[in-house]
Amino acid sequence: MLMSTKNKFAYTPSRLDASTAQALRVEIEDFNAAYCAVLDALQVELWPEFFTEDAIYRVTARENAELNLPVGLVYAEGRDMMYDRAVAINRTQMFAPRYMLHMVSNTRVIDQTPEGEIQAEANFLLVQTLVESPSTVHLAGRYYDTFVRSGDRLLLKERQVIYDTTILANDLVYPV
Amino acid sequence: MYQSQTVIGQTVGAKNPPLSECVWPEGGLHYIPDWVYTSQEVYDREMELIFHGDTWNYVALEAEIPNPGDYKRSFVGATPVVVSRAEDNTIHVFENRCAHRGAEFCRNSQGNANEFVCPYHQWSYSLKGDLQGVPFKRGVNKEGGMPKDFRNQDHGLRKLHVTTHHGVIFASYSDKVEPIEEYLTPEILADFNVAFPGKPLKILGYYRNELPCNWKMYHENLKDPYHATLLHSFLVVFGLLVAGNKSTMFSDSKLGRHGYMGSAKSDDLYAEVNPETKKEMRSFHDGLRLRDERFLNYVKEFDSPWSVTMQTVWPNLIVQREMNTLGVRQIVPNGPNSMIMQWTMFGYEDDTEEMTRHRLRQGNLMGPSGFLGLEDNEAMKFVQEGVRRSSTDLNVLKLDADKIGTSDSLISEASIRAMYQYYRSVMGF
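Residues numbered from 1 in each chain as written. Chains lettered and ligands numbered in written order. Predicted model: local features only at pLDDT ≥ 70, side-chain atom pairs only at ≥ 80, totals over all residues.

1. Description of the overall build of chain A
Next up, step 1: Helix and strand counts for chain A come out as 3 helices and 7 strands.
Next up, step 2: Each helix (α) and strand (β) of chain A, taken in turn from the N terminus, gives the series α-β-α-β-α-β-β-β-β-β.
Next up, step 3: The C-alpha radius of gyration computed for chain A amounts to 16 Å, which stays within 12% of the reference 16 Å derived for 176 residues, consistent with globular compactness.
Next up, step 4: Expressed along its principal axes, the backbone C-alpha trace of chain A runs to roughly 50 × 45 × 30 Å.
Next up, step 5: Put simply, chain A has 176 residues, and 40% of those count as buried.
Next up, step 6: Sequence-distant contacts in chain A: of pairs separated by 6 or more residues, those separated by 24 or more amount to 61%. (Helix = DSSP H or I, 4+ residues; strand = E, 2+ residues; numbered from the N terminus. Rg over C-alpha atoms; globule rule 2.2 N^0.38 Å. Buried ≥ 20, exposed ≤ 12 C-beta atoms within 10 Å, placed from the backbone. Contact = placed C-beta atoms within 7 Å.)

Written out as structure tokens, the structure is:
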């Protein structure tokens with residue numbers, strides 16, 4: 001039976017010393033602030049630029065993560081797939097206008113390899129506001145990230161967006 | 001309930017009539033009255049006569065409960081049930097309600113157990129839903145306890161009839177519903193067997209969302225090929241469905257309650273759309289091209305004339321075979337103005353890793369974030385809001401007006417009319 005024993009999304013203590021973790025945390029918080037600012041501005045076609053060419057991006061329910069099931073509500077292998085999605089959203093898709101607001105907190109840096117790959121986590125709340133509607137918590141969850149360095153900036157090599165929200169309200173239009 | 005409904009989710013009183021005022025409008029099947037979507041009494045009658053009536057309701061896939069003791073929560077209509085595999089490998093479906101005080105005892109969405117124990121007073125049930133143990137049944141120190149004539153076998157869980165076909169599990173409250181193969185009818189069964197040939201399935205994962213619309217709209221949307229060529233420009237641009245493609249909108253010829261929308265993708269990656277057709281489609285975007293075309297590859301793995309079929313099995317199942325992305329969707333009605341959709345995406349045990357990834361990539365078409373999926377959800381939400389709050393009260397269904405049932409034209413509502421012809425006979429409208 002599928003059980004959560006192989007849950008790779010379980011709590012992982014940081015393997016870094018406090019000052020390294022702290023310095024990286026500030027950098028990642030800056031990264032996430034810019035990432036969320038792009039999405040909150042609904043400039044979705046800029047979103048793929050936060051990723052490496054071959055990055056993995058997946059949005060999936062915690063239930064899937066715990067059962068080790070691979071499906072994604074959004075599943076992209078590579079920046080080109082993200083770009084295709086961004087263009088589809090921006091130029092072809094029909095949906096009601098909305099505002100999205102991301103709140104990211106509890107950033108934790110778990111590890112850094114000698115090659116400079118950084119493993120980190122952060123909680124997020126995604127608030128959605130439709131026309132003539134209240135602001136509602138649309139998605140609550142956590143980012144499980146792998147960053148790499150490209151020149152003087154960080155890029156996501158992998159972002160797993162694992163959400164707790166067992167019943168999604170209607171749909172999820174924009175990336176998280 | 002959809003959170004925005006707490007502010008603007010009122011149903012106008014006239015749209016929530018009692019059954020006695022629900023009279024089908026003049027003009028027969030060319031009109032649908034709004035009250036089929038908005039009346040609480042109509043909804044309650046649907047639960048009784050349709051979901052708890054002579055129907056087979058999808059509840060789970062066998063691949064989700066492969067071993068004895070495996071179980072999962074599910075629904076028949078809006079009623080919570082548990083699907084369980086017993087020690088002897090038989091499958092059982094019973095209501096998730098303790099026979100004692102009514103607690104919904106099974107709380108995990110799935111798992112493995114030797115028995116079910118209600119946490120409130122620890123009444124225990126076998127994997128087949130039979131009452132096994134009642135704590136302090138004989139009381140303490142010869143005081144209290146159950147009366148002498150209390151028999152466990154009189155107090156089991158409410159059990160449903162169960163059937164399976166090629167790994168798909170259905171349940172029914174009815175003693176007289178026909179065998180599943182007969183229920184599906186020959187043509188629907190043939191298309192059903194394309195995605196479910198009987199070989200072992202591999203579960204790829206779940207989506208679950210609330211659609212703030214009446215449950216019947218989901219059936220209608222998949223019996224409405226007209227919208228597919230207009231709302232979903234993504235389909236049109238990439239030639240997954242073009243008005244003029246080889247296609248069908250099939251309704252079962254027995255009762256018209258099941259159906260499938262099928263289309264055959266041309267060999268070209270992108271669609272050629274002739275100027276006259278283009279003129280009719282506002283959403284058409286000329287020259288839109290993908291950066292990553294792997295996503296649209298079609299691996300021809302099935303013996304079927306259709307590269308895409310979306311099948312509706314009355315009353316609560318959709319079988320999605322959109323090229324190589326496969327899934328079942330279970331409709332859980334949630335009052336007249338809301339439904340929960342439970343999606344189970346799957347492939348086959350013998351898929352290569354690359355085939356699994358291909359299915360996952362193509363999965364971006366469907367689901368609550370799918371290129372097509374989210375547009376349907378948006379459109380159905382708009383319709384429910386419109387029918388709840390407006391002062392007029394008729395939907396017009398006049399495309400392909402002389403036909404009821406199967407149509408080879410995409411510009412047709414004949415299949416929706418077939419469904420409502422059947423619906424009216426069941427509901428007495």
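2. Focus: the domain arrangement of chain B
All names here are of chain B.
Next up, step 1: Looking at chain B, the domain boundaries give domain 1 (57–163) and domain 2 (185–427).
Next up, step 2: When each unit is reduced to the centre of its C-alpha atoms, the spacing between domain 1 and domain 2 is 36 Å.
Next up, step 3: Taken residue by residue, the interface counts 8 residues in domain 1 and 15 residues in domain 2.
Next up, step 4: Sort the elements by how many residues they give to the side of domain 1 that touches domain 2 and strand E2 (residues 57–61) lands first, with 3 residues. (Domains from an automatic or database assignment.)

3. What about the sheet that holds strand E8 (residues 124–125) of chain B?
Next up, step 1: Taken in spatial order, the 3 strands of this open sheet run E7-E8-E9 (chain B), and their pairing is antiparallel. Only two strands of the sheet have a single neighbouring strand rather than two, namely strand E7 (116–117) and strand E9 (131–133) of chain B. (Pairing = 2+ DSSP bridges.)

4. A few points about the interface of chain A and chain B
Next up, step 1: On the chain B side, the residues contacting the 40 residues of chain A number 47 residues.
Next up, step 2: Broken down by secondary-structure element, the contributors of at least two residues to the side of chain A that touches chain B are strand E1 (51–61), helix H2 (62–66), strand E2 (74–77), helix H3 (79–92) and strand E7 (168–169) of chain A.
Next up, step 3: When its residues are assigned to classes, the side of chain A that touches chain B shows 22 nonpolar, 10 polar and 8 charged.
Next up, step 4: As judged from the 2 bridges shared by E7 of chain A and strand E12 (residues 201–211) of chain B, these two strands associate in the parallel manner. Residue pairing for E12 of chain B: Leu168 of chain A is matched across the bridge by Asn209 of chain B. (Nonpolar A, V, L, I, M, F, W, Y, C, P; charged D, E, K, R; others polar.)

5. Describing the confidence of the model for chain A
Next up, step 1: Per-chain confidence: chain A averages 94 in pLDDT, with 96% of residues scoring 70 or above.
Next up, step 2: Between residues 1–5 of chain A, whose pLDDT stays under 50, and residues either more than four places distant or in other chains, the model counts 7 contacts. (pLDDT = per-residue confidence, 0-100.)

6. Quick notes on the sheet that holds strand E3 (residues 98–112) of chain A
Pairing between the strands of a sheet comes from backbone hydrogen bonds, and it takes one of two forms, parallel or antiparallel.
Residues and elements named next belong to chain A.
Next up, step 1: Reading across from one edge, E2-E1-E6-E5-E4-E3 is the order of the 6 strands in this open sheet, with mixed pairing throughout. The open sheet has two edge strands, E2 and E3, and neither has a second partner. With strand direction ignored, the average angle separating the axes of adjacent strands in the sheet is 25°.
Next up, step 2: Both E1 and strand E6 (residues 153–163) contribute to a ladder of 7 bridges, which runs parallel. Bridging across to E6, Val59 finds its partner in Val161.
Next up, step 3: Sitting on the sheet, H3 touches E1 and E2, and the angle it makes with E1 is about 60°. (Axes fitted to C-alpha atoms, helices over the stretch in contact; angles between N-to-C directions.)

7. Examining the nonpolar core
All names here are of chain B.
Next up, step 1: Counting residues in hydrophobic clusters, the biggest one holds 131 residues, and the most contacted among them are Val59, Val81, Val83, Ile169 and Met339.
Next up, step 2: Here the element with the most residues in this core is helix H12 (residues 414–427); it accounts for 6 residues.
Next up, step 3: Both domain 1 (57–163) and domain 2 (185–427) contribute no fewer than three residues apiece to this core.
Next up, step 4: Once residues lying within four places of it in the same chain are set aside, the contact partners of Met339 are Leu211, Cys213, Trp215, Tyr218, Ile331, Val332, Pro333 and Asn334.
Next up, step 5: Counting residues in hydrophobic clusters, the runner-up holds 10 residues, among them Val237, Met366, Phe371 and Leu372. (Core = buried A, V, L, I, M, F, W, Y, C linked by C-beta atoms within 7 Å.)

8. Quick notes on the pairing of strand E16 (residues 317–322) of chain B
Here is the key point about a regular strand: its side chains alternate between the two faces of the sheet.
Next up, step 1: Along E16 of chain B, 6 of the 6 residues are buried, which leaves the element largely enclosed by surrounding structure.
Next up, step 2: In this antiparallel pair of consecutive strands, strand E15 (residues 308–313) of chain B and E16 of chain B, the connection spans 3 residues.

9. Here we look at the confidence of the model for chain B
Next up, step 1: Mean pLDDT over chain B works out to 93, with 95% of the residues at or above the 70 mark.
Next up, step 2: Scoring of the predicted complex yields 0.95 for pTM and 0.94 for ipTM.

10. Examining the environment of Leu201 of chain B
Residue and element names in this part refer to chain B.
Next up, step 1: Tracing the sequence through the fold places Leu201 in strand E12.
Next up, step 2: A sequence separation of 167 residues divides Leu201 from Pro368, and the C-alpha atoms of the two residues are 23 Å apart.
Next up, step 3: Residues in contact with Leu201, not counting those within four places in the same chain, are Leu61, Ala63, Gly167, Phe346, Tyr348 and Glu349.

11. A word on helix H3 (residues 40–51) of chain B
All names here are of chain B.
Next up, step 1: Compared with the 16 Å implied by 1.5 Å per residue over 12 residues, the 15 Å span of H3 between its first and last C-alpha is a close match.
Next up, step 2: Within the span of H3, buried status applies to Val42, Tyr43, Glu46, Ile50 and Phe51. Axial view of H3: buried residues confined to an arc of 105°, hence all on one face.
Next up, step 3: Contacts made by the buried residues of H3 are with helix H2 (35–38), E2, strand E3 (70–76) and H12. (Expected span 1.5 Å × (residues − 1). Arc of directions from axis to C-beta.)

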